Amino acid sequence: MTAAVLQATPGIMSPLTAGELEARLRDIGARRYHRLHPFHHLLHGGKCTKGQVQAWALNRYYYQAMIPQKDANLIARCDDSELRREWRSRLVDHDGEEGREGGVARWLKLTDGVGLDRDYVVSLRGLLPATRFAVDAYVHFVREKTLLEAIASSLTELFSPAIINERIDGMLKNYDFGSADTLAYFAKRPPLAQRDSDFALDHVKRNAKTPDAQQTVLKALEFKCDVLWSMLDALHHAYVTPKHIPPGAFVPNE
């Protein structure tokens, strides 16, 4: 299938092959992943002020911090012990374990590095309301939708290695705070995202066999792309243009 055909076919009339389903999923990422958002072009291109980078790191922290809760909700609903064991590695990746630092801790190194007070970041007092609503909607989605939809919603990880590489290159090149220590979250993430997305994609392709099931997994991935896109919309509106910062949200000191 070509991208044009995929875009012109909003529904599924007959079951797709596994390869066709994967092509539809990848096409969603090609068109809707937040790598395409104007805020990311500013961020990676060195066009953001320090305050704008701080606002991004602060708001993204909430997403990072809630990922383990999202994954714990998925595990709690899972009857398959093999699937639970596989998904459990995601909790360790983000929360860490004794002697092993997790992704959430590494993200706090980034917020430290951009000059944010750690207690303030963890308190969540400066979040944009739209950030909280978007992330909470994702957690609720995973808790309330079918297990197949919950797993499919994680497939934005198929597209994350490219954006991570852009982020590392852009931040090291363009910002004073960019260093191996402050950007450690991104350096460690690509192989983990590859492992997780390979597993989730295989699960979806094996279990979404009917047109209805295939349509739900496509919609689940679209929803997740919308979550990430809406977070950047809120950042752009508050801190780039028209710079309408909601009451109580973080205000850069610049």
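The model shown is predicted, which means the values in this text are computed figures rather than measured ones.

**Q** Outline the side chain of His236, listing residues and values.
**A** Along the chain, His236 turns up in helix α12 (residues 211-239). Beyond its immediate chain neighbours, meaning those up to four positions away, His236 contacts His37, Pro38, Phe39, Leu42 and Thr241.

**Q** Requested: an account of the packing of aromatic side chains, with residues and values cited.
**A** The final tally for this structure, using the stated rule, is twelve aromatic pairs. An angle of 55° between the planes, with centres 5.5 Å apart, marks the rings of Tyr33 and Phe159 as tilted. Of this pair, Tyr33 sits in the loop between α2 (18-32) and α3 (38-44) while Phe159 sits in the loop between α9 (147-152) and α10 (160-174), and the two are 126 residues apart along the sequence. Site record: aromatic cluster; members linked through ring pairs are Trp56, Trp107, Tyr185 and Phe186. We note Arg132 situated over the ring of Tyr62; from NZ or CZ to the ring centre the distance is 5.6 Å.

**Q** Hey, could you go over unusual backbone geometry for me, with residue numbers and the actual values?
**A** A cis geometry characterises the amide bond from Thr241 onward to Pro242, with omega recorded as 10°. Mapped onto the fold, Pro242 is located in the segment after α12. Phi angles above zero are rare outside glycine, and Leu124 is one such case at about 70°. We classify Leu124 as buried; its relative accessible area is 18%. Unusually for a residue other than glycine, Lys243 sits at a positive phi of about 65°. Mapped onto the elements of the fold, Lys243 is located in the segment after α12.

**Q** Tell me what's going on with the confidence of the model for the protein, and back it up with residues and numbers.
**A** Across the protein, pLDDT averages 93, with 95% of residues at or above 70. In the predicted structure, residues 1-9 sits below a pLDDT of 50 and forms ten contacts with residues beyond four places in sequence or in another chain.

**Q** Break down the side chain of Arg167 for me, citing the residues and quoting the values.
**A** Structurally, Arg167 is set in helix α10. For the buried Arg167, no salt bridge is present, and the opposite-charge side chain at shortest range is Glu166, 7.5 Å distant. A polar contact of 3.5 Å, which involves the side chain of Arg167, links it to the side chain of His44. Once residues within four sequence positions are removed from consideration, Arg167 is found in contact with His40, Leu43, His44, Trp56 and Phe186.

**Q** Describe the packing of helix α4 (residues 50-76) against helix α6 (residues 103-113), listing the residues and the values that go with them.
**A** How two helices pack is summed up by the angle between their axes together with the distance between the axes. Where α4 contacts α6, the axes come no closer than 10 Å and their chain directions differ by 170°. Classified by the interaxial angle, the pair formed by α4 and α6 is roughly antiparallel. Side by side, α4 and α6 meet where Trp56, Ala57, Leu58, Arg60, Tyr61, Gln64, Ala65 and Pro68 of the first sit next to Val104, Trp107, Leu108, Leu110 and Thr111 of the second. Classifying every residue of the contact of α4 with α6 gives ten nonpolar, two polar and one charged.

What counts and what doesn't
Residues numbered from 1 in each chain as written. Predicted model: local features only at pLDDT ≥ 70, side-chain atom pairs only at ≥ 80, totals over all residues. Heavy atoms only, no water. Helix = DSSP H or I, 4+ residues; strand = E, 2+ residues; numbered from the N terminus. Contact = heavy atoms within 4.5 Å. Phe/Tyr/Trp six-rings, centres within 6.5 Å; stacked < 30°, edge-to-face > 60°. Lys NZ or Arg CZ within 6 Å of the ring centre and 35° of its normal. Buried < 20%, exposed > 50% of the residue type's maximum accessible area, 1.4 Å probe, protein only. pLDDT = per-residue confidence, 0-100. Lys, Arg positive; Asp, Glu negative; His and termini not counted. Salt bridge = Lys/Arg side-chain N within 4 Å of Asp/Glu carboxyl O. Polar contact = N/O pair within 3.5 Å; in protein donor to acceptor, adjacent residues only side chain to side chain. Axes fitted to C-alpha atoms, helices over the stretch in contact; angles between N-to-C directions. Parallel < 35°, antiparallel > 145°, perpendicular 65-115°, else oblique. Nonpolar A, V, L, I, M, F, W, Y, C, P; charged D, E, K, R; others polar.

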